[in-house]
Amino acid sequence: MVMFWVTILAVSILLYVLLDGFDLGVGMLFGLASDEQRRHAMIGAVAPVWDGNETWLVVSGVILWGAFPVVYSVLMSAFYLPVVLMLAGLILRGVAFEFRSKAARMRWIWNASFVGGSLVATFMQGLMVGALVQGLPVSGDRYVGGEFGWFSPFAIACGIGLCVGYALLGACWLVRKCEDEVRDQAYRLIPYLAAALLVILIVVFAYALAGDFAVMTRWLDRPSLFVFPVIGMLAAITLAASVHRHQDALPFPMVALIFVAAFGTLAISFWPYMIPFSITIEQAAAPHSSLAFMFWGEGLFVFPLMLLYTVISLTVFRGKVAASTDHY
Amino acid sequence: MEITALLLSRLQFAFTVSFHIIFPSFTIGLAAWLTVLETLHLATGRPAYRVLFDFWLKIFAVAFGLGVVSGVVMAFEIGTNWSDFSRMTGPIQGVLLSYETFTAFALEAGFLGVLLFGRPKVPPWFYLFSTAMVALGTTLSAFWIMINNSWMQVPVGYVVENGMFAPNDWAKIIFNSVVWSRFPHMLLAAYLTGAFCVAATGAWYLLRGMFIAEAKIMLRMGLYLAAVLVPVQIIFGHLNGEYVVRYQPAKMAAIEARWHNEQPASEVLLAWPDVANRRNLFAITLPPPWGSLIDSDSLDAAEVGLDSIPESDWPPILIPFFSFRIMVGCGVLMLALAWVGTYLSRKGHLARNRTVLWATFLSFPLPFVATLTGWFTAEVGRQPWVVYGVLRTADAMTPFLTRGTAMISLIVFCAIYTFIFAFGIFYIYRLLRAGPVGRLLPPTAVLPNRPLSAVDRPDAAAALVRLPAGE
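Bear in mind that the values here come from a model prediction, so they are computed numbers and not experimental data. (Residues numbered from 1 in each chain as written. Chains lettered and ligands numbered in written order. Predicted model: local features only at pLDDT ≥ 70, side-chain atom pairs only at ≥ 80, totals over all residues. Heavy atoms only, no water.)

A closer look at the overall build of chain A
Along its length, chain A carries 13 helices and 4 strands. Since a compact globule built from 328 residues should have a radius of gyration of about 20 Å, the 20 Å found for chain A is in line with a globular shape. Along the first, second and third principal axes, the C-alpha atoms of chain A reach 55 × 40 × 35 Å. Relative to its full complement of 328 residues, chain A shows a buried share of 60%. In chain A, 79% of the contacts between residues at least 6 apart in sequence involve partners at least 24 apart. Total accessible area on chain A stands at roughly 12,300 Å², and carbon and sulfur atoms take up 72% of it. (Helix = DSSP H or I, 4+ residues; strand = E, 2+ residues; numbered from the N terminus. Rg over C-alpha atoms; globule rule 2.2 N^0.38 Å. Buried < 20%, exposed > 50% of the residue type's maximum accessible area, 1.4 Å probe, protein only. Contact = heavy atoms within 4.5 Å. Areas by Shrake-Rupley, 256 points an atom, 1.4 Å probe, with all protein chains shown as cover.)

Shown next as C-alpha cells:
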C-alpha cells in the first residue's frame, strides 16, 4: 500500500512537472514576444489545457497530505515563504489567462502578471527542490530550521536552473503547437536555453560534489543511477538533431525525456527517504486504514479516470493552434 | 487583542476562505444553470437558450478562474500555517481532500477546457456531457469539503495513535449524521446564489428595456427556482440547528446569546451582547417556550447557557450572534422576494412592476451575504477548537512561525486577492452590462488580435449582430 502511494505520488509530481512545466515555460517566454499576434498564439497554445495541468500540483499536494502527512507538514512549514510566493505567482498567472482577454487598456498588467507569475512560481519550485537535495534540518517529525532554513546559494541555483528548464520545455511546446514567427523564434531560442541548462547542471553538480552533500554519496554508491544521465544524454542528442532538422513534433518529447531522467535520478537517489536523510517513506506513511481507503476508491478507479481526462483534453486540443483559432 | 502569529494565521485563513467561498458558491449554481440551458437548447432548439448559455459561460469562466486560484491556496495554506494540525489530521482530512481533488477538481479542470474552447471540436452530445461533468465536479467538490468540515465540527470514527488522528471507521466519517443536513444546506445556498444572480440580471435588463426575451427567461427561471428552494433551505437550516444543540452547546449558546441555563428557554431576537457583564443590552426577546421550541422542537426543553461552560471554551460571542441573524434576515428577504415575484409572474404583471424589478435587481448580494455569514456562524462558533472538543486552534499552528512571517504572507494574500477581486468584479460587471449578444461571428480579419479565450472583448462583442431571440 505504501509503495503504491509512493508510486502514484511520483507519477503525479512528474506529470505536474512535464505538463505545468511547459505552460509555465510558455509563460516565461511570453515576455519575449514582440507583438500582440505572437502573444495571442502563445496563449492559445496553453489556454485550453493549463487548468488541467495545474490540477496535478494539487493532486500531488493532497496525496502527500493524505498518505504522508508528516512529510506534508514538514515541507509546507519549512518552505513557508517559498510556498506563499509560489502560490502568489500561480494566482497571478492563472487569472491572467481569463483577464487578459477582457482587458483593453490594462492588458499590459495581465501580460506582466503572466510572465512574472510564471517566473516566480517556477523559481520557487526549483528552489524548494534544491533545498531538499541539500538537506533540511528535521528533528522527530518536525522541521526545526526556522523560516529561512531553505536559503542557500545551491537552492537559488536550482531555482534558476528550473526556470531555464521549464523555458526549454515551453519553447519545445511552442514549436509543436505554433507556426510561423512564434515557432521560428522558439527554434532560435532552444539552443541557447539548452546550453544554459547544461552549464547550470554542471555548476550545480560541481557545487554538490564540492559541498560533500549526503545525496552525492548515494550517487557514488549506486552506479546504476548513471543510466539516467545516459538516457538524458541520448535525448539531448536527439533533441539537437530534431531542432536542426526542424521536426516540430520531436523536441517536446525529447525534453520531456530529459526531465524524466532528471526526475528519476532524484527520486532514486533519495530512496528510501522522502526527506533526505531524516524521514523515510515508511516513517512518513499514514495509518493503513487511510492508505487502504485511498487505494480502493481513488487509487484503483479515479486515478486512471484522471489520466483519461488528461488524454481526452490533450486529444481534443491536439495539433497546431493557428489552424484551429478561426472558430472564435 | 495582542497581535500574535496565531491571530495573524487565523485572520489569513478566515480571509482566504471567505474570499474563496464566494466563487464556488456562485459557480456551483451557475454550472447547474448552464447544464439546464444546454439541455433545453438541445431539446427545443430555441436560440435564446444558446444565447443565454454563451453569455453565462463567459461569466462562469471568470468566476471559476478566481475560484480555482483561491482554492489552490487553501490546500497549501493548511500545511504552511497549521503544520501540527495537518500532521495530526492528515490521515483523515488529507484523505478526504484527496478524494475532493481526485473526483471533483480533476473532473472540473479536465472538462472546463472543452467547455470554454471545445464547442467547435466535439459533437453536441459530448459538449453537453462536458457541461454536466463540470457541474457534477463542482457539486462533488462541495460534497467532500462538507464531509471534511463536518468532521471538524463533529469528529467521529477515529482513534488517536502516535499523536495522529487515525481513522478506524470510514463509514462513520462519511455518513456522519451532520453531513446530511450540512451538505444540502451548502448546495442549496449555491443554487440560490445562482438563481438570484440570474434573476437579478434579468430584472436589470428589463429595467433598462434591453434583451427583453432573454431577460424574461432569466427572471422567471431564477425566481421560480428560488420560490421552491428558499423554503427547503430554511428547513435544512433548522435541521442544522439540531446538530449544534446536540454536539456544540457552546456555539448554540453564543448564537442565542443565552447566558444562563433556561427551561423552558426564551429566544433573543435582537440584542447587543455585553460579554464583560454576561448580559444582553437592548434585548428584544420572545418569552419561553420560544427558545426551546426553536432550538429543540420542544415546549419544555432545557437549553444550555454560557455560564455553565468554562469561559476558556467559549467562542467569541458577537460574531456568531450577529452573523447568524444576518443570515436569517437575508433568508427571510429572499423568501419574500421569490414568492412575491413568482406570484406576480404567474399573474403576468411582473415585467411591468418596477418596484419588484428593482428589488430583484438589488437582491443579488443577499445569497452571498447569507453564505458568508452562515460560514462565520459555523466556523467562528467552533472556536476555540479546530477539531471540536479534541484539538484547540492554538495547538494546531506551525510551532516556529513568527509574527513577521505570518504578517508578510497575510499582506501578500490580502494585496493579491484585493487586486484580482477588483478586476474580476469589474470584468464580470462589464460582461453583464454588455449583455447576451448573439453568436454571429465576424470575419476573422476584422479582429486580427482576437485573443483565444472564452470571452470576447466587449468592444468586439458590440460589433456582433444579435441572433433573433426565441420569444
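A look at the overall build of chain B
Helices and strands together make up the secondary structure of chain B, namely 14 helices and 6 strands. Taking the principal axes of the C-alpha coordinates as reference, chain B spans close to 70 × 50 × 40 Å. Within chain B, the proportion of its 471 residues that are buried is 61%. About 17,900 Å² of surface is accessible on chain B, with carbon and sulfur atoms providing 69% of the total. Charge-centre separation for chain B: the mean point of 31 positive side chains lies 15 Å from the mean point of 27 negative side chains. (Lys, Arg positive; Asp, Glu negative; His and termini not counted. Charge placed at Lys NZ, Arg CZ, Asp CG, Glu CD.)

Structural notes on the state of the cysteines
As enumerated under the stated definition, the model contains 0 disulfides over all chains in all. Summary of cysteine pairing: Cys172(A) is not part of a disulfide, and the nearest cysteine sulfur, belonging to Cys178(A), is at 12 Å. (Disulfide = S-S within 2.5 Å.)

Quick look at the pairing of strand β4 (residues 279-286) of chain B
Residues and elements named next belong to chain B. Pairing analysis gives 6 bridges linking strand β3 (residues 267-274) to β4, with the strands arranged antiparallel. Looking across to β4, one finds that Val268 is bridged to Thr285. Connecting the antiparallel pair β3 and β4 is a turn made up of 4 residues, with Arg278 showing a positive phi of about 50 degrees. (Pairing = 2+ DSSP bridges.)

Looking at helix α2 (residues 36-46) of chain A
Residues and elements named next belong to chain A. Burial runs high along α2: 9 of the 11 residues are buried. Residues of α2 that are buried: Glu36, Arg38, Arg39, His40, Met42, Ile43, Gly44, Ala45 and Val46. One side-chain oxygen of the residue at the start of α2 lies 3.0 Å from the amide nitrogen of Gln37, identifying that residue as Asp35. (Polar contact = N/O pair within 3.5 Å; in protein donor to acceptor, adjacent residues only side chain to side chain.)

Section: the pattern of salt bridges
Following the criterion strictly, the structure yields 23 salt bridges over all chains and no others. Note that Glu36(A) is salt-bridged to Arg39(A), the shortest N-O span being 3.3 Å. With a gap of 3 residues between them, Glu36(A) and Arg39(A) both fall in helix α2, about one helical turn apart. Arg39(A) matches Glu36(A) in its accessibility class, with the two residues each being buried. Where Asp54(B) meets Arg119(B), a salt bridge forms, and the shortest distance between an N and an O atom there is 3.8 Å. Linking Asp54(B) in helix α2 (residues 47-81) with Arg119(B) in the loop between α3 (83-117) and α4 (124-153), this pair joins segments that are 65 residues apart in sequence. Note on accessibility: Asp54(B) and Arg119(B) belong to one class, buried. (Salt bridge = Lys/Arg side-chain N within 4 Å of Asp/Glu carboxyl O.)

Focus on unusual backbone geometry
Residue Phe277(A) is bonded to the preceding Pro276(A) through a cis peptide linkage, with omega at -10 degrees. Looking at where Phe277(A) falls in the secondary structure, it is placed in the loop between β3 (273-275) and β4 (279-280). Here the bond from Gln383(B) into Pro384(B) is cis, since omega is 5 degrees, no more than 30 degrees from zero. Phi is positive for Asn162(B), which is not a glycine, with a value near 50 degrees. By the secondary structure assignment, Asn162(B) is in the loop between β1 (158-161) and β2 (164-167).

Re the packing of aromatic side chains
All names here are of chain B. Summed over the entire model, instances satisfying the criterion amount to 61 aromatic pairs over all chains. Seen from their ring centres, Trp151 and Phe165 are 5.6 Å apart, and the 85 degrees between their planes marks the pair as edge-to-face. Here Trp151 is found in helix α4, whereas its partner Phe165 is found in strand β2, with 14 residues between them in sequence. For the residue pair Trp151 and Phe165, the accessibility class agrees, reading buried in each case. (Phe/Tyr/Trp six-rings, centres within 6.5 Å; stacked < 30°, edge-to-face > 60°.)

Overview of the environment of Val179(B)
Residue and element names in this part refer to chain B. Tracing the chain through its elements places Val179 in helix α6 (residues 179-208). Taking C-alpha positions, Val179 is 6.6 Å from Met146, a pair spaced 33 residues apart along the chain. Apart from the residues within four sequence positions on either side, Val179 is in contact with Met146, Ile147, Ser150, Ile174 and Pro184.

Focus: the interface of chain A and chain B
Across the boundary between the two partners, chain A contributes 76 residues, which contact 86 residues of chain B. Seen at the junction of chain A and chain B, the total is 2 salt bridges. As a salt-bridge pair, Asp84(B) and Arg142(A) come within 2.3 Å of each other at their nearest N and O atoms. Taken together, the connections running from chain A to chain B amount to 18 residue pairs in polar contact (both at pLDDT 80 or more). Those elements giving two or more residues to the side of chain A that touches chain B turn out to be α2, α3 (50-67), α4 (69-78), α5 (80-102), α6 (107-134), β2 (142-143) and α13 (288-316) of chain A. Considering each element in turn, the side of chain A that touches chain B owes the most residues, 16 residues, to α5(A). Tallied by class, the residues present in the side of chain A that touches chain B amount to 45 nonpolar, 19 polar and 12 charged. (Nonpolar A, V, L, I, M, F, W, Y, C, P; charged D, E, K, R; others polar.)

A few points about the side chain of Glu108(B)
Structurally, Glu108(B) can be placed in helix α3. In this structure Glu108(B) is buried but unpaired, with Arg93(A) as the nearest side chain of opposite charge at 15 Å. Among residues more than four places away in sequence, those in contact with Glu108(B) are Phe64(B), Val134(B), Gly137(B), Thr138(B) and Ser141(B).

Here we look at the confidence of the model for chain B
Segments scoring low in pLDDT should not have their predicted coordinates read at a detailed level. All names here are of chain B. When the pLDDT values of chain B are averaged, the result is 85; 93% of them are 70 or greater. Predicted confidence is poor over residues 439-471, with pLDDT under 50, and the contacts of this stretch with residues over four places away or in other chains come to 70 contacts. Taken together, the chains of this predicted complex give a pTM of 0.87 and an interface ipTM of 0.87. (pLDDT = per-residue confidence, 0-100.)

Describing the nonpolar core
Judged by nonpolar contacts, the single largest core of 245 residues is most densely connected at Trp5(A), Phe68(A), Trp56(B), Phe60(B), Phe85(B) and Ile420(B). When near neighbours in sequence (up to four residues on either side) are disregarded, Phe68(A) contacts Val2(A), Trp5(A), Val6(A), Leu9(A), Ile63(A), Met274(A), Ile281(A), Ala284(A) and Ala285(A). (Core = buried A, V, L, I, M, F, W, Y, C linked by side-chain atoms within 4.5 Å.)

A look at the packing of helix α10 (residues 227-244) of chain A against helix α11 (residues 251-270) of chain A
All names here are of chain A. One way to put it is that α10 packs onto α11 with a least axis distance of 8 Å and a crossing angle of 165 degrees. Of the possible angle classes, the one that applies to α10 and α11 is roughly antiparallel. For the pair α10 and α11, the crossing hand works out as left-handed. Side by side, α10 and α11 meet where Phe228, Pro229, Ile231, Gly232, Ala235, Ala236, Thr238, Leu239, Ser242 and Val243 of the first sit next to Pro251, Met254, Val255, Leu257, Ile258, Ala261, Gly264, Thr265 and Ile268 of the second. Class assignment of the residues belonging to the contact of α10 with α11 gives a composition of 14 nonpolar, 5 polar and no charged. (Axes fitted to C-alpha atoms, helices over the stretch in contact; angles between N-to-C directions. Parallel < 35°, antiparallel > 145°, perpendicular 65-115°, else oblique. Left-handed = near helix turned anticlockwise from the far one by under 90°.)

A word on the side chain of Ser409(B)
Turning to its location among the elements, Ser409(B) is positioned in helix α13 (residues 403-434). Residue classification places Ser409(B) among the buried residues on the basis of a relative accessible area of 0%. Only 2.6 Å separates the side chain of Ser409(B) from the side chain of Tyr80(A), close enough to count as a polar contact. Here Ala406(B) takes part through its backbone oxygen, which lies 3.0 Å from a polar atom of the side chain of Ser409(B). Apart from the residues lying within four places of it in its own chain, the contact partners of Ser409(B) are Tyr80(A), Val84(A) and Gln12(B).

Things to note about α13(A)
Owing to its 3.6 residues per turn, the α-helix brings residues three or four apart onto one side. For α13(A), with 29 residues, the first-to-last C-alpha span of 39 Å sits near the 42 Å given by 1.5 Å per residue. At Phe295(A), α13(A) shows its largest bend, some 45 degrees. (Expected span 1.5 Å × (residues − 1). Bend = angle between axes of the 7 residues up to and from the residue.)

Concerning the pairing of β1(B)
Taken residue by residue, a regular strand's side chains alternate between the two faces of the sheet. All names here are of chain B. The pairing of β1 with β2 spans 4 bridges and is classified as antiparallel. Residue pairing across strands places Val159 opposite Ala166, the latter belonging to β2. Linking β1 back to β2 in an antiparallel pair, the connection comprises 2 residues, with Asn162 at a positive phi of about 50 degrees.

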